[in-house]
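Residues per chain are reported as follows:
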Amino acid sequence: MLWLTITLIITAGFLGWQYWRWRHRRMLELAARLPGPPALPILGNALSFMFNPGEFLNKVDVFMEKYGEVFRFWLGPELNIVVKNPTDIRALLSSNKVNQKGPLYEFLVPFIGYGILSGGPIWRAHRKIVTPSYNKKCVDNFSPIFNREAEQLARVICKKDPKRSFDIYKDVVRCTTQSVNQTLMGLSKEDSQNLYRMDEMLWATQKMYGLIFEKMTKWWLHIPIIYWLLGKKKQQDYYVKLIDELMADIVRRRRKALEVSVPGEEYMGIVDRYILSGELTEKEIQSETMTLFTTSQEAAAKMASGVIMFLAHLPDWQDKVYKEMMEVVGADGPVTNEQLKQLEHLDMVYKETLRYFSIAALIQRTVVEEITIQDGSITLPVGTSLVIPIHNLHRDPRFWEDPHRVMPERFLPENVKKRDPNAFVPFSLGPMDCLGRVYATALIKTIVVWVLRYARLEPAGTLDNIKLNVAISVSCADGYNIKARPRNGRINELS
Ligand code: HEM
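Rules used in this analysis
Residues numbered from 1 in each chain as written. Predicted model: local features only at pLDDT ≥ 70, side-chain atom pairs only at ≥ 80, totals over all residues. Heavy atoms only, no water. Helix = DSSP H or I, 4+ residues; strand = E, 2+ residues; numbered from the N terminus. Rg over C-alpha atoms; globule rule 2.2 N^0.38 Å. Buried < 20%, exposed > 50% of the residue type's maximum accessible area, 1.4 Å probe, protein only. Contact = heavy atoms within 4.5 Å. Areas by Shrake-Rupley, 256 points an atom, 1.4 Å probe, with all protein chains shown as cover. Lys, Arg positive; Asp, Glu negative; His and termini not counted. Charge placed at Lys NZ, Arg CZ, Asp CG, Glu CD. Patch = residues over 30% accessible without salt bridge, like charges linked within 9 Å, V, L, I, M, F, W, Y side chains within 5 Å. Salt bridge = Lys/Arg side-chain N within 4 Å of Asp/Glu carboxyl O. Near = heavy atom within 4 Å. Polar contact = N/O pair within 3.5 Å; in protein donor to acceptor, adjacent residues only side chain to side chain. Nonpolar A, V, L, I, M, F, W, Y, C, P; charged D, E, K, R; others polar. UniProt positions renumbered as here; feature names shortened; annotations may be inferred. Phe/Tyr/Trp six-rings, centres within 6.5 Å; stacked < 30°, edge-to-face > 60°. Lys NZ or Arg CZ within 6 Å of the ring centre and 35° of its normal. Disulfide = S-S within 2.5 Å. Pairing = 2+ DSSP bridges. Axes fitted to C-alpha atoms, helices over the stretch in contact; angles between N-to-C directions. Core = buried A, V, L, I, M, F, W, Y, C linked by side-chain atoms within 4.5 Å.

Undergrad: For this particular structure, what's the right way to read the overall build of the protein chain?
TA: A count of helices and strands for the protein chain gives 21 helices and 11 strands. Against the globule reference of 23 Å for 495 residues, the protein chain gives a C-alpha radius of gyration of 24 Å, in line with a compact fold. In terms of principal-axis extent, the alpha carbons of the protein chain reach across some 90 × 55 × 40 Å. Per-residue burial over the protein chain gives 54% buried out of 495 residues. For the protein chain, the share of sequence-separated contacts (at least 6 apart) that also reach a separation of at least 24 residues comes to 76%. Summed over its atoms, the accessible surface of the protein chain is roughly 22,800 Å², and 57% of this surface lies on carbon and sulfur atoms. Across the protein chain, 64 positive and 55 negative side-chain charges occur, with their mean positions spaced 2 Å apart.

Structure representation (structure tokens):
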């Protein structure tokens, strides 16, 4: 009896596998034409990625060195094709044939539901509703709030002990959160300061992304019982509850405020747009609020902290940025987005920071219609998970000399001209690109201007010692540490 059962299971498994191969024959045929590591039956190359999550992108580099700038690997039945050729990246990300998020984004769903970041059928409609909040006109109108919050941050930084190093991210993230709350979330300053569990959320966010990345990269965590036994499910439940409660508080406050008055179209935040559209359920509004909250305050804080830390390490660049700033915006008063555009040296340091710390270390799309690249010599089959390793592209020595060094001069106009423009894609490309590009750039630069107005920045340690944490995004593993000394004349103002 036992033998019969075993035989039946093996036969059913074998037939199932053959059926799968028959249904995916075109995929298998096209995949076989691509270079890539030898794959085991059923598991594919999953064992190659069974290590420290931080090593995932290093492994991609090792494979790329061996197999070239387009290669395939299998994660069980899932075909992944990695592409690092800049021209192909532009063509693929701009095409309607790969206009769907990849399976990796499913890991975000328990936390932020289906929506703008994680994809799904409602992605297009939900993105359309909020796009006006991110356009230039709205961002210009948000500028007084950016200025007010950035000035407050500068005063905090200026009061630090100049002899002691500190992690500037901890202060910057409060500033970006207050800015996002009072613009995209539409809250008053008072509401923004009194949100339920907001402080907890600020410190939980990075750990939450750590948990998501761990699940993405360790296959055994996909088995529910193991996930539960290792206490990961308990952690996940804690984050989900935190998100639910905080977002419910934000949405409740906006519903109440909308009963009294509706903000003008050119000032309107995203929560109001979702509520007023009448197209989303309460749960969907809360999920999208979380998505747009977390994509903005954390990303902007990481990037602003990176720019400030690099300026602390590069005194020549700090002097150049300070000098041009004084010429264009002066020592006091609000900074306009038009003025920010004239700060060319600041822009170069900003771009070098975007290159160095990729907010999306890799992105993934699903191929929904067959598409060819490399002059028709390579065809990506339907169902492929296309992987664009932005972090690796931004450190490719073919485009970036000495790629691990911080060198804002890479973005001098004469150097930009010599480089393939598609080798720099910090905000991604195409219909699923970063919605917050204009917003992020204005907020980050406003923060840097105010901090530099108040403080002279000094390094803590050397740039060579900076340990990177390469996970969903690239960040400093040990914090964005600097020292700050008040500039002449600012001390009296503060007392
Ligand atoms: C400098 C900081 C930032 C960088 C480098 C950045 C970069 C990116 C990248 C590469 C993506 C594509 C992700 C993917 O396809 O998986 C993305 C998506 C997105 N970003 Fe940003 N981002 C930044 C800040 C912001 C800010 C401040 C906001 C909001 C104000 C924002 C809103 C979004 C949204 C909503 C998406 C999803 C778009 C979609 O899939 O339709 N980002 N961002």
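Undergrad: What is the right way to read a nonpolar patch on the surface from this model?
TA: On the surface, a cluster of nonpolar side chains totalling about 830 Å² of accessible area is made up of Leu 40, Leu 43, Leu 47, Trp 219, Ile 223, Ile 225, Trp 228 and Leu 229. Here Ile 223 lies in the loop between α10 (198-217) and α11 (224-229). In this structure Ile 223 comes out as partly exposed when scored by relative accessible area, which is 34%.

Undergrad: Sorry if this is basic, but what is going on with the site of the ligand here?
TA: Around the ligand, a shell composed of 30 residues is seen, among which Lys 101, Tyr 105, Trp 123, Arg 127 and Cys 434 lie nearest. A distance of 2.4 Å is found between an oxygen atom of the ligand and a side-chain nitrogen or oxygen belonging to Tyr 105. Within the contact set of the ligand, an oxygen atom lies 2.7 Å away from a side-chain nitrogen or oxygen of Arg 127. Elements that contribute at least two residues to the shell around the ligand include exactly α6 (123-130), α14 (282-313), α17 (344-356), β4 (363-366) and α20 (437-454). Per-class residue counts for the shell around the ligand are 22 nonpolar, four polar and four charged.

Undergrad: When you look at the UniProt feature "binding site: heme" (unreviewed entry) in the protein chain in this model, what are you seeing that I'm missing?
TA: In the numbering used here, UniProt assigns the "binding site: heme" (unreviewed entry) feature to Cys 434. Position of Cys 434 relative to the elements: it lies in the loop between α19 (413-417) and α20. According to the relative accessible area criterion, Cys 434 is partly exposed, its value standing at 32%.

Undergrad: Before we go on, may I ask you to explain the pattern of salt bridges in this structure?
TA: One side chain can pair with another of opposite charge once the charged atoms of both are near each other. Counted under the stated rule, the structure contains 36 salt bridges. Three or more residues joined by partner-sharing salt bridges are found here, namely Arg 26, Glu 29, Arg 33 and Glu 370.

Undergrad: It is not clear to me how the packing of aromatic side chains should be interpreted in this structure. Could you clarify?
TA: Each pair of aromatic rings is reported with the distance of its centres and the angle of its planes. On inspection of all chains with the given rule, the structure shows 18 aromatic pairs. Here Tyr 356 and Phe 357 contribute two aromatic rings whose centre-to-centre distance is 5.1 Å and whose plane-to-plane angle is 75°, an arrangement assigned as edge-to-face. Both residues of the pair, Tyr 356 and Phe 357, count as buried. Here the aromatic residues Tyr 169, Phe 310, Tyr 356, Phe 357 and Tyr 480 are joined through ring pairs into a cluster of three or more. A cation sits over an aromatic face here: Arg 21 above Trp 17, 5.5 Å from the ring centre. Here the guanidinium or amino end of Arg 395 rests over the ring plane of Tyr 356, the centre of that ring lying 4.3 Å away.

Undergrad: Quick question: what am I supposed to make of the state of the cysteines here?
TA: Each disulfide consists of one covalent bond between the sulfur atoms belonging to two cysteines. Tallied over the full model, the rule gives zero disulfides. In this structure Cys 138 is not part of a disulfide, and its nearest cysteine sulfur, from Cys 434, lies 16 Å away. A residue is classified by how much of its surface remains accessible, and Cys 138, at 2% relative accessible area, is buried.

Undergrad: It is not clear to me how helix α13 (residues 270-277) should be interpreted in this structure. Could you clarify?
TA: Each α-helix turn comprises 3.6 residues. Residues three or four places apart therefore point the same way. Burial analysis of α13 places six of its eight residues in the buried class, which makes it a mostly covered element. Burial in α13 covers these residues: Ile 270, Val 271, Asp 272, Arg 273, Tyr 274 and Ile 275. On its buried face, α13 is in contact with α6, α7 (136-158), α12 (232-260) and α14. Among the residues trailing α13, Gly 278 stands out with phi positive, at a value near 70°.

Undergrad: Which parts of the structure should I look at to understand the sheet that holds strand β1 (residues 70-75)?
TA: Picture the strands of a sheet paired through backbone hydrogen bonds; they go either parallel or antiparallel. Spatially, four strands are ordered β1-β2-β7-β4 in an open sheet, and the strand pairing comes out mixed. A single partner strand is all that each edge strand has here, and the edge strands are β1 and β4. Across the sheet, the mean angle separating the axes of adjacent strands is 25° when strand polarity is ignored. The pairing of β4 with strand β7 (residues 385-388) spans four bridges and is antiparallel. If you follow Gln 364 over to β7, its bridge partner there is Val 387.

Undergrad: It is not clear to me how the nonpolar core should be interpreted in this structure. Could you clarify?
TA: Nonpolar side chains tend to gather and get buried jointly when the protein is soluble and globular. Counting residues in hydrophobic clusters, the biggest one holds 153 residues, and the most contacted among them are Ile 447 and Leu 457. Here this core takes 14 residues from α14, the largest share from any one element. Look past the residues within four positions of Ile 447 in its chain and what remains in contact with it is Ala 150, Leu 153, Val 172, Cys 175, Thr 176, Ala 304 and Ile 308.

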